[in-house]
Amino acid sequence: MSPARPRGFWLFKTEPSVFSYADLEAAPGRRTGWNGVRNYQVRNWLRDTVAVGDGVLLYHSSAEPTGIAGLARVSAAARPDPTQFDPRSPGYDPASTRAEPRWYEVEVEAVAALPQVLTLAELRAAPELATLAVLQHGQRLSILPVTPAEWLAILQRAGVREPRRKSGARP
DNA sequence: GCCAACGTTGGC
DNA sequence: GCCAACGTTGGC
C-alpha cells in the first residue's frame, strides 16, 4: 500500500457571470467538469498534479465583489476536456485529436459557500497571505497553487471550519 | 473602458 | 530561433 499523497490545495478562478459558485452548487451532483483551460502551465498542473481530494478555493474574478466565494474539492482526476473536440465551443481546438488530446479538465464538487465572499481587498490586507499566488503582480493563470498554511489561513479568515469527510465513505 | 502584464503567433 | 504584433486576462 502506498502512503497517502499529501493533500494539495488550489485556487480556481471563474467569472461568476459565466459560472459562479452558486452555479456549481446548482449543478447535477454539485459537480462539473472544469473545462476551457487553454494555458499550457495550467494544463500541466491539471494533468499531472491536481489529484482527487485536493481542496479548491473558488475565486470570482471580474466580479462585485471579487474574491473567494466558496470551497470545493477535486472529485475526479484529469480527463480530456470535451470542449476541445466541439466545433461550436469557444474552446474548440482543431489541432487536438481524441487519440492525442491537448487539453484536460478535472471534476470539482461543491463543498460549502463561504458565509460571505472573502474579498480581494481582505486577502491583500492579510499579512499571512502575502505569498498567495493569486495576489502576485502580473499573474494571470486561471488555476493557482495554494499552500497548506495559506489554505488554513483563508479558512480562518473566512470564519469557516472545513466540513469533515467521513473516512472511506463515498457520497 | 483603460491599460499593464504576459502568453501566443507568425514573419523572417 | 528571434521578436514584434496581437490577443487575453483581470484589476481598477
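Not measured: the values here are computed from a predicted model.

*Asks:* Would you take a moment to explain the sheet that holds strand E1 (residues 9-14) for this structure?
*Replies:* What links the strands of a sheet is backbone hydrogen bonding, and the strands pair in either a parallel or an antiparallel sense. Pairing is mixed across the open sheet formed by six strands, whose spatial order is E2-E5-E4-E3-E1-E6. Looking at the sheet topology across the chains shown, the edges are occupied by strand E2 (31-33) and strand E6 (143-146). Neighbour-to-neighbour, the strand axes of the sheet open up by a mean angle of 35°, direction not taken into account. In this fold helix H4 (residues 148-158) packs onto E1, strand E3 (55-60), strand E4 (67-80), strand E5 (104-119) and E6, with an angle of close to 40° to the strand it touches most, E5.

*Asks:* Teacher, can you tell me more about the pairing of E3 here?
*Replies:* If a strand is regular, its side chains alternate between the two faces of the sheet. Among the six residues in E3, six count as buried, and that is most of the element. Side chains of E3 alternate between two faces, with Gly-55, Leu-57 and Tyr-59 and Val-56, Leu-58 and His-60 buried alike. Bridge count for E1 against E3 is six bridges, and the pairing is parallel. By the bridge assignment for E3, Leu-11 is matched with Leu-57. Two strands pair when backbone bridges link them, and E3 and E4 are joined in this way by six bridges, in the antiparallel orientation. Looking at the pairing, Leu-58 lines up with Gly-70 of E4.

*Asks:* Any chance you could explain the protein's contact with DNA strand C here in plain terms?
*Replies:* What surrounds DNA strand C is the set Lys-13, Tyr-59, Ser-61, Ser-62, Thr-66, Leu-120, Arg-124, Arg-140 and Leu-141. A share of 75% of the atoms of DNA strand C within 4 Å of the protein falls on sugar and phosphate groups. The contact in question runs from a phosphate oxygen of DNA strand C to an N or O atom on the backbone of Ser-62, over 3.1 Å. Arg-140 is positioned such that a nitrogen or oxygen atom in its side chain is 2.7 Å from a base oxygen of DNA strand C. Classifying every residue of the surface near DNA strand C by side-chain character gives three nonpolar, three polar and three charged.

*Asks:* Could you clarify how one ought to interpret the pattern of salt bridges in this entry?
*Replies:* Where charged atoms from two side chains of opposite charge come close, those side chains can pair. Inspection of every chain in the model, using the stated rule, returns 11 salt bridges. Among the salt bridges present, the one from Arg-31 reaches Glu-107, with a minimum N-O distance of 3.5 Å. In this pair, Arg-31 sits in strand E2 while Glu-107 sits in strand E5, placing the two residues 76 residues apart along the sequence. Arg-38 serves as the salt-bridge partner of Asp-81, at 2.9 Å between the closest nitrogen and oxygen. Highlighted residues: Asp-81 in the loop between E4 and E5 and Arg-38 in the loop between E2 and helix H2 (40-48), separated in sequence by 43 residues. Look at Arg-38 and you get partly exposed, because its relative accessible area is 28%. Beyond isolated ion pairs, a larger network of salt bridges with shared partners links Arg-31, Arg-73, Arg-79, Glu-105, Glu-107 and Glu-109.

About the cut-offs
Residues numbered from 1 in each chain as written. Chains lettered and ligands numbered in written order. Predicted model: local features only at pLDDT ≥ 70, side-chain atom pairs only at ≥ 80, totals over all residues. Heavy atoms only, no water. Pairing = 2+ DSSP bridges. Helix = DSSP H or I, 4+ residues; strand = E, 2+ residues; numbered from the N terminus. Axes fitted to C-alpha atoms, helices over the stretch in contact; angles between N-to-C directions. Contact = heavy atoms within 4.5 Å. Buried < 20%, exposed > 50% of the residue type's maximum accessible area, 1.4 Å probe, protein only. Near = heavy atom within 4 Å. Polar contact = N/O pair within 3.5 Å; in protein donor to acceptor, adjacent residues only side chain to side chain. Nonpolar A, V, L, I, M, F, W, Y, C, P; charged D, E, K, R; others polar. Salt bridge = Lys/Arg side-chain N within 4 Å of Asp/Glu carboxyl O.

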